[in-house]
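Working through the structure, step by step
Okay, here's what each chain looks like letter by letter:
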Amino acid sequence: MKQDKHIIDQMGCECLLSRTRILNRVLTGIYDDELRPFRLKATQLNLLVVVARIGPIRRIDIGKRLHLDPSTLTRNLRVMLTNGWIEEVADGEDGRGLPLQATVQGHDLVNQVGPAWRKAQDRVQKLVGKDGATLLRKLAANMIELPSG
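Structural notes, computed from the coordinates. Here the residue index of a chain counts from 1 through its sequence in written order. Thresholds applied to this predicted model are a pLDDT of at least 70 for local features of residues and 80 or more for the giving and counting of side-chain atom pairs; totals over whole chains, interfaces and linings are not thresholded and use all residues. Derived side-chain values reflect all non-hydrogen atoms in the structure, with water molecules and hydrogen atoms excluded from consideration.

Let us now look at unusual backbone geometry. Along the chain, glycine 55 connects to proline 56 via a cis peptide bond; the corresponding omega equals 0°. Notably, arginine 39 is not glycine yet its phi reads approximately 55°, a positive angle. Secondary structure counts use DSSP, requiring at least four H or I residues in a row for a helix and at least two E residues in a row for a strand, with both numbered from the N terminus. Summarising the element assignment, arginine 39 is placed in the loop between α2 (16-35) and α3 (42-54).

Written as structure tokens, this is what we have:
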């Protein structure tokens, strides 16, 4: 029983995964609050920016780059396709997994939400501090596969 308490205390106080998940929920909430007037979630904006930056891009490549499971990716992309923010592009291949690109409406949306995104970004940077923001960028850079530029 004493050993159980030790591991329970250790997991409860030191678990990097649980701390990261809490951080994720708090930060996502901040961005979602600022993006709500645009009927856009932070997860969708993240995908839209990826598609706008490097599209046309296949769904599978988005999932790999952002470490997203297929069901989450499909659910968010469906909303974005329905809203006309992204579109499929014919590529002359077999028609399966057509690449996606941002539409004019999608690019316009990114420009419209820019000030709200900056406000969320400022709130988060204030919350985590300059060193925390730098650390988050470094950690993420080791895990995401996005071209720089």
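Text resumes after the structure shown.
The criterion for a disulfide is a pair of cysteine sulfur atoms lying within 2.5 Å. This model, assessed by the stated rule, comprises zero disulfides. Take cysteine 13: it sits in no disulfide, and the sulfur closest to it among the cysteines is that of cysteine 15, at 11 Å. Each residue is assigned to one of three classes by its accessible area relative to the maximum for its type, calculated with a 1.4 Å probe on protein chains only: buried under 20%, partly exposed between the two thresholds, exposed over 50%. For cysteine 13, a relative accessible area of 56% gives the class exposed. For cysteine 15, a relative accessible area of 28% translates into the label partly exposed.

It is worth spelling out the side chain of glutamine 44 at this point. Position of glutamine 44 relative to the elements: it lies in helix α3. Contacts are assigned to residue pairs with any non-hydrogen atoms lying within 4.5 Å of each other. Aside from chain neighbours lying at most four places away, what touches glutamine 44 is Arg39, Asn76, Val79, Met80 and Trp85.

Attention now moves to helix α6 (residues 104-141). For α6, built from 38 residues, the straight-helix expectation of 56 Å at 1.5 Å per residue is missed by more than 12%, its first-to-last C-alpha distance being only 29 Å. Buried residues of α6: Gly106, Leu109, Val113, Gly114, Ala116, Ala120, Gln121, Val124, Gly132 and Ala133, and no others. On its buried face, α6 is in contact with α2 and α3. To estimate the expected span of a helix, count its residues, drop one, and scale the result by 1.5 Å.

Once that is clear, we can look at the pattern of salt bridges. Pairing is possible between side chains of opposite charge, provided their charged atoms come close. The term salt bridge refers to a pairing of a side-chain nitrogen on Lys or Arg with a carboxyl oxygen on Asp or Glu at a separation within 4 Å. Applying the stated criterion across every chain, the model contains five salt bridges. As a salt-bridge pair, aspartate 9 and lysine 5 come within 2.9 Å of each other at their nearest N and O atoms. One end of the pair is aspartate 9 and the other is lysine 5, both in helix α1 (residues 2-14) and four residues apart, which spans about a single turn. The class of lysine 5 is exposed, set by a relative accessible area of 52%. Here arginine 59 ties to glutamate 88 by a salt bridge, and the two come within 2.8 Å at their closest N and O atoms. Of this pair, arginine 59 sits in helix α4 (residues 59-66) while glutamate 88 sits in strand β1 (residues 86-88); the two residues are 29 residues apart in sequence, bridging distant segments of the chain. Each of Glu34, Lys119 and Arg123 takes part in one network of salt bridges that share partners.

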